[in-house]
Amino acid sequence: MFPGMQIVIGWHRLVFCLPLIFLLTHLFSVMELHKNSKMEEPHRQLNKKFDHLVLGPASGQGLSNRLQCQGTKALNRTHSSTSRSAVDGSITFVTVFTIYNSSFNDVEDKSLNTVVGNASCNKFGRSMALLNVFINFVQVAMPQSNVIILTDPLSDLSVPRNRVSLYPIQGEYSRDKLMLQRIRSYITFLETRLQKLSQNPRNITHYIFTDSDIAVVDDLGQIFHDHPNFHLALTFRNNKAQPLNSGFIAVRGTPEATSRAKHFLQEVLKVYSTKYRNASRMLGDQLALAWVVKSKRHFDTSRFAKAHAFSEDIGGTSVLFLPCSLYNWTPPEGAGQFHGMPLDVKVVHFKGSRKRLMLESWNFYSSSLDISDMLCLILGSGRTKYDF
């Protein structure tokens, strides 16, 4: 064959193959795109936030010391405390809450409304609804206790409820400083309490400082009854980076305990302000708490891995460590390391994107008046993230 003919045949083959190469490349690209879209779909579903409750399987089923559920029906009962009358002194819950100007600006914008049950509310309405549900749960579980709301003096907050009072404290209540301000407010409140105790040391009131997105589902007086020697109590979980949660802090109401608790929180504030100031919006207080506790020489952090209460002297303050699984139970951890819901759970914390679940849980309880069934609703719906 002549060289010229070989060149012509080669070109013909090349021209013939070009469309085939293009077609195969295009087909491969389409297959890759389809594969990636299928991989992204579960990821989108996982991160989706729902505007209605999603009831799924309840964790801890088959474990004898966990709540057993069939849908929202409890197959066994949670245990209630029996030591209410044995507590020396009254108990008051203290929380920090304020209203931002932007909340009022949203009042007339109906597009921002959210439907919970049969009610429609805006962002301001949701915040107030959560605060009122917090109070509702306290008054059901501990009807003789009081609630004090530490707030910004510039806030127009009004909560006309029995056994509820506002306590304005000057400070920086902006969103990016609120966690830092919360500790400052706790310290200021304890200082004023010490002044009153100096005048009447026998007037004992124990204090439980909490976030306002918790539900007290059992009487907490047994903390002060069963552990008579602690000054301040914290809740812990098996988390190396953040073993302590600041959403629940109990302080015994004696002059000595109140003074030691104030000193302990001042140390936390000092660490917070110097080492974790960049985390003043979130988590900084928990990191500072952990730093102060772990700064004690030879402190055994392995005890955080077991859900048993223990005490430790930290810088002269007797600190009682209570397991989060009972005193600060959260839906995500309940589905994970807590292995469901213990039958003697005391406090449910709706942190993160579980605020809707808190309101829906109260609505459910209002119609059923059954705490155990309500806890089954929380246990089955807590895996899901909601729109607020």
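What this report covers is the structure whose coordinates are included nearby. Here the structure is a predicted model, which means the values were calculated and not measured. (Residues numbered from 1 in each chain as written. Predicted model: local features only at pLDDT ≥ 70, side-chain atom pairs only at ≥ 80, totals over all residues. Heavy atoms only, no water.)

## Structural notes on the packing of aromatic side chains
- Across all of its chains, the model carries 17 aromatic pairs by this definition.
- Measuring from centroid to centroid gives 5.8 Å for Phe299 and Phe321, while their planes differ by 50°, and the two rings are tilted. Residue Phe299 is found in the loop between helix 7 (284–294) and strand 12 (310–314), and its partner Phe321 is found in strand 13 (residues 317–323); the two are separated by 22 residues along the sequence.
- Exposure remark for Phe321: the relative accessible area of 0% places this residue in the buried category.
- Ring-pair connections join several aromatic residues into one group, and the members of that group are Tyr167, Tyr186, Phe189, Tyr207 and Phe209.
- The ring of Phe230 carries the charged tip of Arg252 above its face, separated from the ring centre by 4.6 Å. (Phe/Tyr/Trp six-rings, centres within 6.5 Å; stacked < 30°, edge-to-face > 60°. Helix = DSSP H or I, 4+ residues; strand = E, 2+ residues; numbered from the N terminus. Buried < 20%, exposed > 50% of the residue type's maximum accessible area, 1.4 Å probe, protein only. Lys NZ or Arg CZ within 6 Å of the ring centre and 35° of its normal.)

## Overview of the nonpolar core
- With 63 residues, the main nonpolar core has Phe93, Leu131, Phe134, Leu220, Ile223 and Leu375 as its most contacted residues.
- Counting residues per element, this core draws most heavily on helix 3 (residues 123–141), which supplies 9 residues.
- Those residues within four positions of Leu131 in sequence are excluded, and the remaining contacts are Phe97, Ile149, Leu157, Val159 and Ser212.
- Of all hydrophobic cores here, the second largest spans 40 residues; its members include Val94, Leu150, Leu234 and Ala261. (Core = buried A, V, L, I, M, F, W, Y, C linked by side-chain atoms within 4.5 Å. Contact = heavy atoms within 4.5 Å.)

## Regarding the packing of helix 3 against helix 10 (residues 355–368)
- Axis separation between helix 3 and helix 10 bottoms out at 10 Å; the angle between their running directions is 45°. Between helix 3 and helix 10, the angle falls in the class oblique. Pair helix 3 / helix 10 crosses with left-handed handedness. Listed contacts from helix 10 to Ala129, Leu130, Val133, Phe134, Asn136, Phe137 and Val140 of helix 3 are Lys355, Met358, Leu359, Trp362 and Tyr365. (Axes fitted to C-alpha atoms, helices over the stretch in contact; angles between N-to-C directions. Parallel < 35°, antiparallel > 145°, perpendicular 65-115°, else oblique. Left-handed = near helix turned anticlockwise from the far one by under 90°.)

## Comments concerning the environment of Leu157
- Structurally, Leu157 is set in the loop between strand 6 (146–151) and strand 7 (164–168).
- Each C-alpha atom of the pair Leu157 and Met128 lies 9.3 Å from the other, and the pair is 29 residues apart in sequence.
- When sequence neighbours within four positions are dropped, the list of residues in contact with Leu157 reads Phe97, Ile99, Met128, Leu131, Ile149, Thr151 and Leu166.

## Remarks on empty space enclosed by the protein
- Here the structure, examined in full by the defined rule, presents 1 cavity of 30 Å³ or more.
- For the lining of the largest cavity, the secondary structure elements donating two or more residues are helix 4 (178–199), strand 11 (244–251), helix 6 (255–275) and helix 7.
- Looking at which element gives the most residues to the lining of the largest cavity, the answer is helix 4, with 3 residues.
- Its residues assigned to classes, the lining of the largest cavity shows 6 nonpolar, 1 polar and 2 charged. (1 Å grid on protein atoms, 1.4 Å probe; cavity = no way out; pocket = protein on both sides within 12 Å on 5 of 7 lines; lining within 4 Å. Points joined across faces, edges and corners; volume = space filled by probe spheres on them. Nonpolar A, V, L, I, M, F, W, Y, C, P; charged D, E, K, R; others polar.)

## What about helix 10?
- Over its 14 residues, helix 10 runs 20 Å from end to end, which matches the ideal 20 Å to within 8%, given 1.5 Å per residue.
- Every buried residue belonging to helix 10 is among Lys355, Arg356, Leu357, Met358, Leu359, Glu360, Ser361, Trp362 and Tyr365, and all of these are buried.
- Where helix 10 is buried, its residues touch strand 4 (114–116), helix 3, strand 9 (214–216), helix 9 (331–335) and helix 11 (371–381).
- Downstream of helix 10 by one or two residues, Leu369 has phi in the positive range, about 55°. (Expected span 1.5 Å × (residues − 1).)

## Considerations on the layout of surface pockets
- Size it by volume and the largest pocket reaches roughly 1,200 Å³.
- In terms of lining, the largest pocket is formed by 35 residues, of which the most central are Leu178, Met179, Asp213, Met282 and Lys355.
- When contributions to the lining of the largest pocket are tallied by element, the ones reaching two or more residues are strand 3 (90–96), helix 3, helix 4, strand 11 and helix 7.
- Looking at the lining of the largest pocket, the element that brings in the most residues is helix 3, giving 6 residues.
- Its residues placed into classes, the lining of the largest pocket shows 12 nonpolar, 12 polar and 11 charged.
- Its volume calculated, the second largest pocket comes out at about 270 Å³.
- If you trace the second largest pocket, you find 20 residues lining it, with Arg66, Ala307, Ser325, Gln337 and Phe338 closest to the centre.

## Some details on the environment of Arg281
- Turning to its location among the elements, Arg281 is positioned in the loop between helix 6 and helix 7.
- Look past the residues within four positions of Arg281 in its chain and what remains in contact with it is Arg175, Asp176 and Met179.

## Quick notes on unusual backbone geometry
- The backbone of His298 shows a phi angle near 65°, a positive value even though the residue is not glycine.
- Residues other than glycine seldom take positive phi values, yet Leu369 does so here, at roughly 55°.
- Considering the arrangement of structural elements, one finds Leu369 in the loop between helix 10 and helix 11.
- Take Leu369: its relative accessible area is 61%, and that puts it in the exposed class.

## Re helix 7
- Of all 11 residues in helix 7, 8 are buried, a share of seventy percent or more.
- Listing the buried residues of helix 7 in full gives Gly284, Asp285, Gln286, Ala288, Leu289, Ala290, Val292 and Val293.
- Contact partners of the buried residues in helix 7: helix 4, strand 10 (232–236), strand 11, helix 6, strand 12 and strand 13.

## Here's the deal with the side chain of Arg252
- Mapped onto the elements, Arg252 comes out in the loop between strand 11 and helix 6.
- Within the buried set, Arg252 has no salt-bridge partner at all; the shortest N-O distance to an opposite charge, 7.1 Å, is to Asp88.
- Within the structure, the side chain of Arg252 is placed 2.4 Å from the backbone oxygen of His227, a separation counted as a polar contact.
- Residue contacts for Arg252: discarding those within four places in its chain leaves His206, Phe224, His227, Pro228, Asn229, Phe230, His231, Ala257 and Thr258. (Lys, Arg positive; Asp, Glu negative; His and termini not counted. Salt bridge = Lys/Arg side-chain N within 4 Å of Asp/Glu carboxyl O. Polar contact = N/O pair within 3.5 Å; in protein donor to acceptor, adjacent residues only side chain to side chain.)

## Re the sheet that holds strand 10
- Strand order in the open sheet made by the 8 strands is 7-6-3-8-11-10-13-12, with mixed pairing throughout. Each having just a single partner strand, strand 7 and strand 12 make up the two edges of the open sheet. When the angles between neighbouring strand axes are averaged without regard to direction, this sheet yields 25°.
- Sheet topology places strand 3 next to strand 8 (residues 205–210); 5 bridges connect them, and they run parallel. In the strand pairing of strand 8, Ile91 is matched with His206.
- Strands strand 3, strand 6, strand 7, strand 8 and strand 11 of the sheet are contacted by helix 4, whose axis makes an angle of about 175° with strand 8. (Pairing = 2+ DSSP bridges.)

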